[in-house]
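One-letter residues, chain by chain:
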Protein chains: 2
Amino acid sequence: MGAAARAMANFGFSRLVAVTPHAPNWRDARSAVGAPELMEEAVETATLAEAVADCTLVVGTGSLTYRKPEQPVVSLPDLAPLIQQELARGGRIAIVFGPENHGLSREDLSFCHLLIEIPTDTHQPSMNLGQAVAVCLYEVATRASLAAADGAQHLNERKHLAASSADLELLGGVVAETLLAADYSPAVLRDANRYELRLLLLRLAPSARDTRKILGLFRRILWRIKRNRQQPAPSRSGSDLKEE
Amino acid sequence: MGAAARAMANFGFSRLVAVTPHAPNWRDARSAVGAPELMEEAVETATLAEAVADCTLVVGTGSLTYRKPEQPVVSLPDLAPLIQQELARGGRIAIVFGPENHGLSREDLSFCHLLIEIPTDTHQPSMNLGQAVAVCLYEVATRASLAAADGAQHLNERKHLAASSADLELLGGVVAETLLAADYSPAVLRDANRYELRLLLLRLAPSARDTRKILGLFRRILWRIKRNRQQPAPSRSGSDLKEE
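Residues numbered from 1 in each chain as written. Chains lettered and ligands numbered in written order. Predicted model: local features only at pLDDT ≥ 70, side-chain atom pairs only at ≥ 80, totals over all residues. Heavy atoms only, no water.

Sorry, what's going on with unusual backbone geometry here?
Glycine aside, the phi torsion of most residues is negative, and most peptide linkages are trans. Residue and element names in this part refer to chain A. In the Ramachandran plot, T20 falls in the positive-phi region, its phi being about 35° despite a non-glycine side chain. Here T20 lies in the loop between β1 (17–19) and α2 (23–31). Accessibility expressed as a relative area gives 53% for T20, which makes it exposed. (Helix = DSSP H or I, 4+ residues; strand = E, 2+ residues; numbered from the N terminus. Buried < 20%, exposed > 50% of the residue type's maximum accessible area, 1.4 Å probe, protein only.)

Structure representation (structure tokens):
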């Protein structure tokens, strides 16, 4: 954790979020001599969902040897244009690293729009965490930084601003609840459906505006289903597709 | 040292040379659980001159804040074309890292053809050694590797093969001895001259062939000076510029 923070300071990154860090290690890392300033301002969250809530592009990292991932996999040297594009439309980006011993879980990965792969040698593919962080941040800082300046000029096109992870998570929750209320599938599949829904929304990548519209739509559907169970449906009035 | 070796294994590098390593640390690093294979084959030398003897391009690293270096400084993202060029003409390349606490000495730097600078944030410019190695090797492995394949086609132009560090060091030694024999400067300046000569030869960057020619020339001059002191010079015959 200390090495990761050092690399962040080296490459000018400042916002570190630790998800359920191991308390003694986290305390030691924060109070270590020479710990960069950003450690003091680091935030601790209970879930990855909270950590990436305001982000519009979540990039996962780690060894992908164990299973074919569902998201697109991008080789690190090809990442810069994607970062540039996201910054150009005013997005916020998170790069997520897993714990050193086992990396990101399947659940963690379901919050990621794409995964990056560091092109390492097949005989020794797995990198030390601090070194992986350094390599990723070096790449982003040196090859996507110019674009950030260029991109700032295009911020007037904010109508295409991507939905944040929190927006999508909220929508996914309402959709899942709707499926359950509609007896779409049994309650035992709730977690599996939630997971699939999250990946589906990442693939769809709706804009922030469209996400609000869809959310309004599903809230109405959910309300209708629940109400129908109690009494006959009322006549529908107005539009649920207007913005909230 | 262990972290540096791990990064080498990650990016497919295999030849590690340690110059006067701290014995207990070196022993521990080599016998560490999970130490990559290249640690077993690592070579230990007493001087940097020996370590880079067969190399034709020696690249130094480290923070350059303390003093303006005499060699060209290249930003790491711009290094690949230079590596490619060197590989294309059949050269051997060394990347030299200093000890973590104080980096490469002025003497160490005098063996380097060029210095690379990792573009870090001005508030925290100094990188952890293992992370600096990872970033440099990532850059070279991903952005100069294609060229190595391309370059192999041009190996027929071997007449332009650069002199190795050992060739230049040998030449520098003979030139220094010649200057001394010629009373060019007092013996107290011997080390300073040796240092300046090393940098001069790096700037001149003679080919391997020309280096042999110049060496033959200086050997003859030196022999002449020494012999003159004992007895009148003999008449000169043949050419010292023919290849040895």
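There is more to say, and it comes next.
So what exactly am I meant to see when it comes to the pairing of strand β5 (residues 93–96) of chain B here?
Across a regular strand the side chains alternate sides, sitting on one face of the sheet and then on the other. Residues and elements named next belong to chain B. Taking every second residue as pointing to the same face, the buried face of β5 carries A94 and V96, while none of I93 and I95 on the other face is buried. Pairing between strand β3 (residues 57–60) and β5: four bridges, direction parallel. Residue pairing for β5: V59 is matched across the bridge by I95. (Pairing = 2+ DSSP bridges.)

Explanation requested: the interface of chain A and chain B in the structure shown.
Reports of interface size often rely on the accessible area that becomes lost once the parts have come together. Each partner contributes to the interface: chain A provides 28 residues, whereas chain B provides 28 residues. Carbon and sulfur atoms make up 54% of the area that chain A and chain B hide from each other, which totals about 2,200 Å². Broken down residue by residue, the surface that chain A buries against chain B is led by N10, Q131 and Y138 of chain A, which jointly contribute 28%. Taken together, chain A and chain B are joined by two salt bridges. Of the charged contacts in the structure, one is a salt bridge between R143 of chain B and E139 of chain A, with a shortest N-O distance of 3.0 Å. Scanning the region where chain A abuts chain B turns up 18 residue pairs in polar contact (both at pLDDT 80 or more). Elements supplying a minimum of two residues to the side of chain A that touches chain B: α1 (2–10) and α7 (129–143) of chain A. (Contact = heavy atoms within 4.5 Å. Buried area = accessible area lost by both parts, 1.4 Å probe. Salt bridge = Lys/Arg side-chain N within 4 Å of Asp/Glu carboxyl O. Polar contact = N/O pair within 3.5 Å; in protein donor to acceptor, adjacent residues only side chain to side chain.)

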